[in-house]
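Summary of the model geometry
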Amino acid sequence: MGLSRRINSFFDDRFDTETARRFIDKQAHKRLPPHISWFHVFGSLALLLFVSQTITGILLLIYYRPTPEAAYSSIQYITTEVHFGWLYRQIHAWGATLMILVVVLHMVRTYFSGAYKKPRELTWVTGVLIFILTIIFGFTGYLLPWNQIAFWATTIGTESAGKVPFIGEWLLYFLRGGEVVTGETLSRFFVVHVIILPWILTGLIAVHLVLMRLSNLATLEPVGEEKPIPPGHGIPFFPVHVAKEAVVAILLLAGLVTLSILSPWEIGEPANPLVTPAHIKPEWYFLPSYQLLKYFEGPYGAVVGIVACSLPFGLLLFWPFLDRGKERHPRKRPWAVGIGLFGLMAALFLGILGHFSGTDVTLLGRRYHIDLLGRPERLMDEPTSHNPVEH
Amino acid sequence: MKPQVDGFDKVGSARPTRRGFLDWLISLCSLLAGLAMTIPGLMYLWPAARGGGSDNMEVEGADRMAPGQSRMVQVGGKAVIVIRDRKGFRAYSAICTHLGCLVTWEQAKEQFFCPCHAAVFDAQGRVVSGPAPAPLPAYKIKEVGGRIYVSPA
Amino acid sequence: MRIASLIVLPLFLFGGFARICAGQEEAVTCDACHKLQAEPLARSVHAALGCRDCHDGQASYRVSSEEVRRYAAALGAGSAQPRPAPPTFDHGSGFAGKPARKDIPELCGECHANVERMNPYGLRTDPLARYWAGGHGKTLRQTGDDRVAVCIDCHGAHDILPSRNPDSKTYSLNVPDTCATCHADAALMGEFGLSIEVVDEYRQSVHGRLLLEDGDTGAPNCATCHGNHSSMPPGFASVVDVCGQCHQHAAMNFAKSIHADLPGHKGCVRCHGGGEGRHFHLIERITKPAGIMIQRYAHLLTTEPAPSTAQVAEAIHPDPRKIMERALPSCTECHDDIEDDESLPKLFVLLDEIAKAEHLYVETARRLDRVAQGVLLVDAQRFLFEDAKTHLIELAPLQHTLDNSVVGEHVEELNAVCAQVNAELDKLESGLRWRYRALIPIWLFALLFAGACYAKYKQLKALHVGPFPGESNERQ
């Protein structure tokens with residue numbers, strides 16, 4: 001104890017440690033509203049995954065080489081030669097997927113519990129920005145292994161940027177660093193993925209956390225009618241809420257390792273710009289946009305499609321300023337809940353259509369071909385029945 | 001420093017044994033989890049393979065070497081100098097045993113010379129003069145179908 | 001009148017002068033009338049030659065304009081209408097006219113057999129000699145029958161193009177059609193006692209399909225085996241031996257087989273030529289029925305690694321002894337006593353082993369591809385597997401030794417490589433198994449840890465959080 005006291009006194013003599021200590025204690029033990037549920041852990045889980053992604057990302061950087069010649073084989077080297085390299089790569093890949101899932105769940109909880117309302121509008125806006133950045137994170141990271149699926153998913157993914165009105169062509173050229181996906185694209189995506197996004201996201205998360213702390217967690221009481229937490233009845237962040245979060249965090253990490261082992265991301269074939277593999281699909285979180293874009297054709301259709309795909313994000317971003325009702329409880333704001341549910345269902349439905357489009361599926365013993373627009377067509381010699389699913 | 005907020009630790013004396021065990025268990029688990037996360041991380045950082053090249057290297061163009069000439073090859077990532085005399089090929093580590101500069105073969109004097117601190121080795125790699133503390137280690141030469149291969153002795 | 005004719009006659013004799021003065025007669029070259037020949041010639045490889053190089057005659061003729069018009073129309077300059085009989089025109093005494101078919105080889109040979117003349121073009125000078133040595137030439141010389149092919153039938157007369165030109169009649173892809181103009185003509189071939197079915201047989205054969213369907217110009221056409229100008233390509237005494245010029249290993253191994261020295265054998269085409277009732281031009285990799293049976297057998301092996309005789313019988317043919325009779329009918333031509341002949345079961349064992357080995361090879365290759373895309377590095381195994389590929393490719397020509405021990409040896413080598421690759425893949429994959437096993441302690445630990453945290457959470461909550469006013473009933 002002698003040493004630690006000496007270290008403490010070293011700092012005490014030089015800085016106003018008492019204020020800092022009091023501040024940290026106050027923050028650590030801050031009382032959260034008593035009703036907070038198991039649904040309130042997603043934010044911390046997302047943070048945990050962000051930290052995990054940062055650490056595993058840094059580890060992968062040690063062996064990864066961002067050039068078209070070396071990227072694929074360096075991933076191969078990481079997964080086969082480096083001790084536990086396979087584990088870190090899998091945790092990074094699965095962590096990315098889970099992070100998007102957890103962020104979405106966090107937003108769903110926030111939305112339906114009305115927590116974005118005054119005074120927490122800005123917390124929500126930073127949260128939506130974090131969500132968008134997380135998706136861009138996923139998109140840029142997907143290319144880095146430089147395998148066939150990565151190469152072509154990126155080709156197709158950046159293609160849709162070319163449909164943006166007026167600046168599309170320029171934007172496409174800028175994103176790819178040229179006419180097509182090449183080593184230039186890899187460099188760009190690499191820099192965005194490992195330098196630019198991490199720092200922006202770190203800053204946004206910091207702002208998000210500070211805002212969250214300043215206005216505490218929301219209750220279900222209407223705006224302006226919140227009752228103060230009675231003394232001794234709030235839940236102290238540390239150690240009570242932390243213990244709760246630890247339970248979920250441990251299970252999440254175990255789940256992450258389990259996914260990494262049971263369902264590893266395969267290396268696939270090295271990227272070949274001369275051969276497009278069949279059935280190239282983007283990752284699940286892009287499937288709704290991917291599917292939605294297909295329904296808009298022609299020069300005007302493409303513009304409409306882009307608008308239709310970005311509209312939900314714009315709505316999300318400014319939602320707290322559009323929905324100015326005072327009620328928070330979901331039962332008392334049917335419109336907001338209805339729109340939210342509709343959005344979720346639409347995304348889910350489009351995602352499922354996107355997943356099955358262009359494939360054959362067996363349903364109730366009958367084989368159907370799902371065309372690119374998601375219309376099922378009965379296979380074999382029987383009369384084809386068009387089921388207007390998308391209407 | 002113990003937390004001082006809202007009287008933590010005041011009510012906790014109800015079931016001290018169970019609390020004590022639970023705290024102990026959580027500490028142990030945390031320790032184990034911490035180890036489980038750091039040890040693989042450290043192993044990951046440890047170089048997986050000895051970097052650079054094969055352990056059995058062909059001397060390119062050995063057939064074009066005249067007696068007295070030398071050639072540098074990388075064996076297992078390390079510089080090796082191959083010399084040819086009238087009897088055949090010999091190979092020595094080109095890394096000076098003094099401070100690790102690369103020695104050169106001086107054909108006229110039939111000796112190895114280190115340009116950094118003027119260490120001199122004879123044609124068998126033995127120290128002749130200068131600061132080198134040990135002879136140059138020899139490498140093994142193997143001839144397969146007219147091709148010359150060098151590998152660590 | 002007499003005096004008048006005495007004056008006029010010289011005028012007529014030297015009438016050209018008068019006509020030129022009158023503008024009725026002009027000096028023309030051959031192409032004025034013979035556009036139909038001159039135009040293709042100008043596009044041909046012989047564009048630098050003139051008409052006189054083959055037909056002699058004068059450089060130009062004095063002809064009245066009206067006559068030129070009449071001749072040009074009659075000779076059908078570019079018109080598709082049936083030509084009227086050409087008007088007679090005196091080309092002068094030095095004119096050779098249209099050469100007789102029987103004289104054409106020697107006419108072409110004036111240049112094409114002349115070393116000095118051909119040297120600048122790098123062309124061979126032996127086509128003429130070879131032509132006289134081949135079937136077409138011999139018949140022409142011996143019987144004088146000029147219906148046999150002469151140079152112009154294959155190369156064209158005025159429209160000769162180099163054989164690398166895709167429009168040339170001797171371009172690889174066009175050769176079968178060029179030969180077919182005569183060899184598919186039943187009336188003509190009948191007179192020479194030749195079959196016209198060879199053309200269709202060739203077109204359906206493995207070589208014909210490669211050439212005509214896949215457009216593989218490297219695939220053999222008629223001339224590859226029958227020679228360009230003579231009946232055989234250089235280096236062969238008989239057309240039945242030419243297969244070895246491409247299929248070297250097969251020919252070499254066949255030369256070692258028990259069948260090589262049989263009198264009266266027809267070499268490769270005996271088994272590969274399409275079988276009975278064919279004319280040896282339906283050349284296939286293997287006789288169709290045998291191919292089907294081996295395929296069925298390999299398919300059976302995918303479900304049943306060690307099939308019983310009964311299973312084989314059910315999948316392929318009810319009578320295993322009859323399999324060879326069905327599969328390789330040409331065998332049974334000589335090996336007629338199937339019941340007592342041991343050769344056929346022996347061959348069946350051979351084919352059987354090859355089919356099994358091929359199956360193992362394909363399975364191993366598939367497995368390698370699958371594993372390579374997963375989480376393992378199999379470059380070393382792929383490298384090892386290259387050996388198997390070599391053995392597999394060697395196996396096809398080795399079958400021709402009909403020597404079970406030689407083939408068996410190679411099959412064993414192939415199997416050994418496949419087995420080694422599989423064993424190494426097994427080892428690699430079992431190396432992954434500890435990861436699955438590690439999940440059990442990981443989850444036991446996680447559940448314990450999470451359980452402890454949950455207990456702690458409950459405890460801490462009870463410690464630090466009082467019941468919320470008015471919610472105590474709900475929250476227990």
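Owing to the predicted nature of the structure, the values given are computational and were not obtained by experimental measurement.

**Side note on the overall build of chain A**
Broken down by element type, chain A carries 13 helices and five strands. Once the C-alpha set of chain A is aligned to its principal axes, its extents read approximately 80 × 55 × 45 Å. Sorting the 391 residues of chain A into buried and exposed places 35% on the buried side. Contacts in chain A between residues at least 24 apart in sequence constitute 71% of all its contacts with a sequence separation of at least 6.

**Topic: the sheet that holds strand β5 (residues 376-378) of chain A**
Residue and element names in this part refer to chain A. Ordered by their spatial adjacency, three strands build an open sheet running β3-β4-β5, and the pairing between neighbours is antiparallel. In this open sheet, the two edge strands, each paired with only one partner strand, are β3 (360-363) and β5. When the angles between neighbouring strand axes are averaged without regard to direction, this sheet yields 40 degrees. As defined by bridge partners, strand β4 (residues 366-370) adjoins β5 across three bridges and the pair is classed as antiparallel. Bridging from a neighbouring strand, H369 pairs with E377 of β5.

**Let's talk about the domain arrangement of chain B**
Accessible area lost on assembly of the parts is the figure often given for the size of an interface. Here the domain parsing of chain B yields domain 1 (5-45) and domain 2 (57-152). Taken over C-alpha atoms, the centre of domain 1 of chain B sits 60 Å from the centre of domain 2 of chain B.

**Let's talk about the domain arrangement of chain A**
The assigned domain composition of chain A is domain 1 (38-223 + 236-278) and domain 2 (358-391). Put simply, the middle of domain 1 of chain A and the middle of domain 2 of chain A, counted by C-alpha atoms, are 34 Å apart.

**Quick look at unusual backbone geometry**
A negative phi holds for most residues other than glycine; trans holds for most peptide bonds. Residue and element names in this part refer to chain A. Following K118, the chain continues to P119 via a peptide bond in cis, the omega torsion being 10 degrees. Position of P119 among the secondary structure elements: in the loop between α5 (85-112) and α6 (121-143). In this structure, the amide linkage connecting F238 to the following residue, P239, adopts the cis form with an omega of 0 degrees. The residue P239 is located in helix α10 (residues 237-262) in this model.

**Things to note about the confidence of the model for chain A**
Here chain A shows a mean pLDDT of 89. Residues at 70 or above account for 97%. Scored below 50 in pLDDT, residues 382-391 of chain A makes twelve contacts in the model with residues more than four places away or belonging to other chains.

**Quick notes on the pairing of strand β10 (residues 147-152) of chain B**
Residue and element names in this part refer to chain B. As paired strands, strand β1 (residues 57-58) and β10 are joined by two bridges and run antiparallel to one another. Residue pairing for β10: E58 is matched across the bridge by Y149. Relative to β10, strand β9 (residues 138-144) runs antiparallel, the two being bridged by six bridges. Considered in β10, the bridge of V144 is made with R147. If you look at the hairpin formed by β9 and β10, you'll find two residues sitting between the two strands, and G145 has a positive phi there, around 55 degrees.

**Observations regarding the interface of chain A and chain C**
On the side of chain C, 24 residues touch chain A, which itself brings 27 residues to the contact. Those elements that place two or more of their residues in the side of chain A that touches chain C are α4 (71-80), β2 (235-236) and α10 of chain A. The greatest single-element share of the side of chain A that touches chain C, amounting to twelve residues, is contributed by α10(A).

**Observations regarding the environment of L251(A)**
Looking at where L251(A) falls in the secondary structure, it is placed in helix α10. Each C-alpha atom of the pair L251(A) and L175(A) lies 38 Å from the other, and the pair is 76 residues apart in sequence. Contacts of L251(A), omitting those with residues within four sequence positions, involve A446(C) and A450(C).

**Some thoughts on the packing of α5(A) against α6(A)**
Residue and element names in this part refer to chain A. Running from amino to carboxyl end, α5 crosses α6 at an angle of 160 degrees, the nearest separation of the two axes being 10 Å. Taken together, the axes of α5 and α6 are roughly antiparallel relative to one another. Helix-helix and strand crossings are classified by hand; for α5 and α6 the assignment is left-handed. For the pair formed by α5 and α6, the contact residues are A96, M99, I100, V103, M107 and T110 on the first element and W124, G127, I130, F131, T134, I135, F137, G138 and G141 on the second. Counted by class, the contact of α5 with α6 contains ten nonpolar, five polar and no charged residues.

**Examining helix α23 (residues 379-398) of chain C**
Note: α-helices contain 3.6 residues per turn, so residues at a spacing of three or four share the same orientation. Residues and elements named next belong to chain C. For α23, spanning 20 residues, the distance from its first C-alpha to its last is 29 Å, which sits close to the expected 28 Å at 1.5 Å a residue. Turning to α23, its buried residues are Q381, F385, A388, H391, L392 and L398. All buried residues of α23 fall inside an arc of 120 degrees around its axis, so they share one side. α23 presents D379, F383, E386 and I393 as exposed residues on the side facing more than 90 degrees away from its buried surface.

**Some details on the sheet that holds β1(B)**
In spatial order, the strands read β1-β10-β9-β4-β3-β2 (chain B); together these six strands make up an open sheet with antiparallel pairing. Looking at which strands have only one partner, the edges of the open sheet turn out to be β1 and β2 (70-75) of chain B.

**Structural notes on the nonpolar core**
Ranked by internal contacts, the top residues of the largest apolar core, which has 85 residues, are L45(A), M99(A), I250(A) and C453(C). Broken down by element, this core gets its largest block of residues, 14 residues, from α5(A). When residues no more than four places from it in sequence are discounted, the contact partners of L45(A) are V102(A), V248(A), A249(A) and L252(A). Judged by nonpolar contacts, the second largest core, of 23 residues, contains V80(B), Y92(B), A132(B) and Y139(B).

Reading guide: rules and limits
Residues numbered from 1 in each chain as written. Chains lettered and ligands numbered in written order. Predicted model: local features only at pLDDT ≥ 70, side-chain atom pairs only at ≥ 80, totals over all residues. Helix = DSSP H or I, 4+ residues; strand = E, 2+ residues; numbered from the N terminus. Buried ≥ 20, exposed ≤ 12 C-beta atoms within 10 Å, placed from the backbone. Contact = placed C-beta atoms within 7 Å. Pairing = 2+ DSSP bridges. Axes fitted to C-alpha atoms, helices over the stretch in contact; angles between N-to-C directions. Domains from an automatic or database assignment. pLDDT = per-residue confidence, 0-100. Parallel < 35°, antiparallel > 145°, perpendicular 65-115°, else oblique. Left-handed = near helix turned anticlockwise from the far one by under 90°. Nonpolar A, V, L, I, M, F, W, Y, C, P; charged D, E, K, R; others polar. Expected span 1.5 Å × (residues − 1). Arc of directions from axis to C-beta. Core = buried A, V, L, I, M, F, W, Y, C linked by C-beta atoms within 7 Å.

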